[in-house]
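# Examining the three-dimensional arrangement
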Amino acid sequence: SESPDSPDSAADQDGQQTPIRLKRASASFSNMRRRGSVDEKSMLTRRFLVDIDTIEKAILAQEDTNGDYQITVEDSGPKVLKVPTASSGGFRTFEVRGTYMLSNLLQEIALARDCGMSQVVIDEDRLNENPVNRLSRMIRTSFWNGLVRCMDESGIQAICNDPKNTKAGAQPIIYVPYNDQPAYEYYTGIARDLSNYKIKVVKLPKDITPRYVKSINNEFGILSLAADVSYDANGRLVYRPLPFVVPGGRFNEQYGWDSYFETLGLLVDGRYQLGKNMVDNFVYEIKHYGKILNANRSYYLTRSQPPFLTDMVLKVFEALPDKTDDEKRRNHEWLQRSFDAAITEYLTVWMSAPRLDAKTGLSCYHPTGIGMPPETESTHFDHTIKPYAERLGVSVEEYKHLYANDMISEPELDAYFVHDRAVRESGHDTS
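What you see is a predicted model, and the numbers here were worked out from it, not measured in a lab. (Residues numbered from 1 in each chain as written. Predicted model: local features only at pLDDT ≥ 70, side-chain atom pairs only at ≥ 80, totals over all residues. Heavy atoms only, no water.)

## Regarding the sheet that holds strand β8 (residues 173–176)
With parallel pairing, the three strands of this open sheet are ordered in space as β9-β8-β10. At either end of the open sheet lies a strand with only one pairing partner, and these are β9 (200–203) and β10 (222–223). Note that β8 and β9 share four bridges and pair parallel. When the bridges of β9 are listed, I173 appears paired with K200. (Pairing = 2+ DSSP bridges. Helix = DSSP H or I, 4+ residues; strand = E, 2+ residues; numbered from the N terminus.)

Encoded structure:
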C-alpha cells in the first residue's frame, strides 16, 4: 500500500488517503466531453459528384426493395451506398448511410433531373439537413412553384388534359361571364391557336340559375378568373391571367377555403403577389359568379365554401410593400375593392336565403344545386338510389337516368342531395 507520507498520496477532507495519481486521472476525465453518436465534422464540407443516371439506378436497384421509387423504413436494403466524392474528381467514394440521407439523395437527384442536369455536385450537409429546415426550404424554393397554375395558353393545355374538367370524349369547354368581353376574346383566340384540342368557349347567361347549372352537368368546363387587362398602342388586347396556387399537384383550378391557408403559407415565404392574385380571383368570382366558388369549375357554380376572404385580404394587405406614397395609395384602393366584394358576398350569400336560416338567424351551408352532384364517380350514390329503384321496379341505372332528366319526382332524394351538397360546401372532402 502507499505510504501516508508518499508524494503519490494525499489526505482528502475526511482524512482519508487518496493516491494523487487517481486525483489527476479524475481531473482529466472531468474535463473530457462525452463523445457524440456522430463524429465531429471536418473543417471542409464533403461534397459528392453525382452522375444522375448512374446513382439513381444504383439507389433504386439496391435500396428501393418495394418498388415505389422512394427510400423509406419499409425498404429492406442495406441503407448504405458508396458515392463518388467531388474532391477526388469522382475517383474515390464515401458511404452515404441511413434512410434519411439516401432518401434526400434520391430527391436531390430528381430535382437536378428536373433542371435538365446530367451531373450534380451535392453537399453532404444537404443530405444531413435538419428535417424541419429541409422541408421549409423545399416548400419555399421548390414546392410552391410546382403548385402554381395560370389560365394562360400553357395552363389551358393542362386543363384540357385534365379528366376532372371534361366528360370522356367531350370537347373541353371554357366558360366566361356574359359581360367579360376581354376574356371571351382572349380564350376564343386560344381556342383558335390550339385547334387540335377543339376547345369550346361559352358565354354564361346573365342570370346563372340552378336549373341552368344542372343543364350543363354533362358539359364540364373551367371558369375564367381574373386577369390584368390592357391595350397596346395599336389597340390590341393585352390579357394576362393571374397565376394562383392549387392545393395539390393533380389540380388545375383555384379552390375556396384552401386558398386562405395556402396564402398564409405564401406570406410566410414572402410570396405576397400570389396571395394577392388569389384574392383578386375571388373578387372576380363574386362579381361575375355571385360568390366565392368551391372551385372555378362549371358544376361548382351553385356551391361556395367556408368564408375566409376578409382575413385573407387583411393578411395580404399587411404584407404588401408600402414604402412609397404611391404604393400606400394603391394598397388602400385594393383593400377597399376587396372589402367591397367581401361585404357584397356577406349580404347576398351568407345573410340571404337559403344560407340564412330564418328561424335561428344563423347562416348555414345550403348550396342551390339540383340533384346528384355530377363530379362524383358514376356509382357513388348507387347504394342510396337502390331502394327507390326497387320500389319503382327498375334498375339503378334506369332510375338515375329518370331522376336526372326530371322524369320522376322524389322529394326525399331531393332533400338528401341538398344535404350532400351542403357537406361539400362546408369544406368536407368526401373523397
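Read on, since the account is not over.
## Considerations on empty space enclosed by the protein
For the coordinates displayed, the defined rule picks out three cavities of 30 Å³ or more. Estimated volume of the largest cavity: approximately 90 Å³. As for the largest cavity, its lining consists of 14 residues, and the residues nearest its centre are G256, I292, P306, P307 and F308. Among the elements of the structure, α9 (257–268), α11 (309–319) and α12 (325–350) are those that each provide at least two residues to the lining of the largest cavity. (1 Å grid on protein atoms, 1.4 Å probe; cavity = no way out; pocket = protein on both sides within 12 Å on 5 of 7 lines; lining within 4 Å. Points joined across faces, edges and corners; volume = space filled by probe spheres on them.)

## Here we look at a nonpolar patch on the surface
A cluster of nonpolar side chains, I343, Y346, L347 and M351, forms an exposed patch at the surface whose accessible area comes to about 380 Å². One can find Y346 in helix α12. (Patch = residues over 30% accessible without salt bridge, like charges linked within 9 Å, V, L, I, M, F, W, Y side chains within 5 Å. Areas by Shrake-Rupley, 256 points an atom, 1.4 Å probe, with all protein chains shown as cover. Salt bridge = Lys/Arg side-chain N within 4 Å of Asp/Glu carboxyl O.)

## Thoughts on unusual backbone geometry
Working note: non-glycine residues mostly have negative phi, and peptide bonds are mostly trans. Between A353 and P354 the backbone carries a cis peptide bond, its omega angle lying at 5°. Its place among the elements puts P354 in the loop between α12 and α13 (382–392). Residue Y69 is not a glycine yet carries a positive backbone phi of 60°. Looking at the secondary structure, you find Y69 in the loop between α2 (52–63) and β4 (80–84). Despite not being glycine, K198 has its phi angle at roughly 55°, a positive value. Mapped onto the elements, K198 comes out in the loop between α7 (181–193) and β9. Among the residues examined, K198 registers a relative accessible area of 60% and is labelled exposed. (Buried < 20%, exposed > 50% of the residue type's maximum accessible area, 1.4 Å probe, protein only.)

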